Every structure is written in structure tokens, then in C-alpha cells.
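Single-letter residue listing:
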Amino acid sequence: MIRYNLRCEKGHAFESWFQSSAAYESQEKRKLVSCPSCGSVKVERAIMAPQIVTRKGREQAAPAPTPPAETTGSETTPLLMAQELELRTKLKELRDHIVKNADNVGERFPNEARKMHYGDIEHRPIYGEASPDEARALIDEGVEVSPLPVLPDDRN
């Protein structure tokens, strides 16, 4: 996983995690990366300073400092926290909608998605499991797939 600091055309700064730099580039090209503040899909990577940790200092390494969250006026809750909560709520709603309205095909997902893509079976909403390699292969074949949103709360 790689974390990018991003900035939209209106100057809003935000960060997002991607499987790889190629995954970011693919999603950006397909206009799937958007600003959580304004929704703009004109997004670019902001300048980042990499954190380099030597073997010797690995245990002592502290995470790179992050800039303080923006606040407005008399708010006691940072604006970015409120936006993050709203985004998480929307992602959960999206995931719940997909789970409710699509068939869970489990490990058969890559094969079912291919069959639909090539017209071997009728299109229908599905979700399931695919390894990163299987997902990449589907995307390389032109099969449109997206991961179900996973939120930090889901890992508990």
C-alpha cells in the first residue's frame, strides 16, 4: 500500500491510500479519484517527502509529522474529521447497498465477471472475492471491477 498526498484543482489537500502507484494512475485516468471537499476529479499528487528508515533505526522511527487539520471559525472539531466521518458514512451506505442488491459469488467472482464481460452469461450485479493478481488481470482484460469499500471499523 502507498499513501499519496493529493491536491485538487481548487487547492484542497487530502490524502488517500492505493495498492500501488500503477493503481493510483489507473484510477486517476478513469476519473475515480476525486476531492472529498468539492468532488473535483482534476487531482494531482502533491509534493511528498519520503520517510526513509534504516534497519538500525527501524524500532525508533516515528511516523512523519502530518500537517494539522484545518478548522474553521469556532469549531472544536477539525473540518477534515467531519468530512472523513461523512465520507465513511457514504462509503458504508454504498457498500450496504451493493451487498443488499447484488449476488455474492464468493471465490467465483473473477470467472463470473469474465463470463459477463464476454457475453457468456447475462449481466447482473455481483460481488465476491479476488486476489490482487486476479483483479489486475480482470482490469487488464477490460473488465470493470472495483473493490468494495473497506473501512477501519470493519477490521475489528
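You'll find the structure just up there.
Because the structure is a prediction, the values reported are computed rather than measured. The numbering scheme is per chain: residues are counted from 1 as the chain's sequence reads. Totals for whole chains, interfaces and linings use every residue, but because this is a predicted model, local features are given only for residues with pLDDT of at least 70 and side-chain atom pairs only at 80 or more, for both listing and counting. Excluded from the side-chain calculation are hydrogens and water; included are all heavy atoms of the structure.

Now for the nonpolar core. Note on terminology: a nonpolar core comprises buried Ala, Val, Leu, Ile, Met, Phe, Trp, Tyr and Cys residues joined through side-chain atoms within 4.5 Å. Accessibility here uses a 1.4 Å probe with only protein chains present; expressed as a share of the type maximum, an area under 20% marks a residue as buried, one over 50% as exposed, and anything in between as partly exposed. Judged by nonpolar contacts, Tyr4, Leu6, Cys8, Phe14, Phe18, Tyr24, Val33, Cys35 and Val43 together constitute the single largest core of nine residues. Each helix is a run of H or I in the DSSP string that is no shorter than four residues. Each strand is a run of E no shorter than two, and both are numbered from the N terminus. The set of elements that each furnish at least two residues to this core consists of β1 (2–8) and β2 (13–18). Considering each element in turn, this core owes the most residues, three residues, to β1. Working rule for contacts: check all heavy atoms of both residues, and any pair within 4.5 Å makes them a contact. The contacts of Val43, once residues within four sequence positions are left out, are Leu6, Arg7, Cys8, Phe14, Tyr24, Glu28, Val33, Ser34 and Cys35. Formed by eight residues, the second largest nonpolar core is a distinct cluster that contains Phe109, Ala113, Leu138 and Val143.

Our focus in this paragraph is the sheet that holds strand β3 (residues 43–45). By definition, two strands form a pair when at least two bridges between them are found by DSSP. Pairing in this open sheet of three strands is antiparallel, and the strands run β2-β1-β3 from one edge to the other. With one partner strand each, in any of the chains shown, β2 and β3 form the two edges of the open sheet. Neighbouring strand axes in the sheet, compared pairwise and without regard to direction, differ in orientation by 40 degrees on average. The pairing of β1 with β2 spans six bridges and is antiparallel. Bridging across to β2, Asn5 finds its partner in Glu15. Note on definitions: angles span 0 to 180 degrees between N-to-C directions of axes, and those axes are lines fitted to C-alpha atoms, for helices only across the stretch in contact. The strands that helix α1 (residues 21–29) touches are β1, β2 and β3; relative to β3, the one it contacts most, it runs at about 160 degrees.

Attention shifts here to the pattern of salt bridges. The term salt bridge refers to a side-chain nitrogen of Lys or Arg lying within 4 Å of a carboxyl oxygen of Asp or Glu. Applying the stated criterion across every chain, the model contains 10 salt bridges. Arg124 serves as the salt-bridge partner of Asp103, at 3.0 Å between the closest nitrogen and oxygen. Taken as a pair, Asp103 in strand β4 (residues 103–106) and Arg124 in the loop between α3 (109–117) and β5 (126–128) lie far apart in primary sequence, 21 residues in all. Where Arg124 meets Glu112, a salt bridge forms, and the shortest distance between an N and an O atom there is 3.4 Å. One end of the pair, Arg124, is in the loop between α3 and β5; the other, Glu112, is in helix α3, and 12 residues separate them in sequence. On the accessibility criterion, Glu112 (10% relative accessible area) is buried.

Nothing here speaks to function; it is all geometry.
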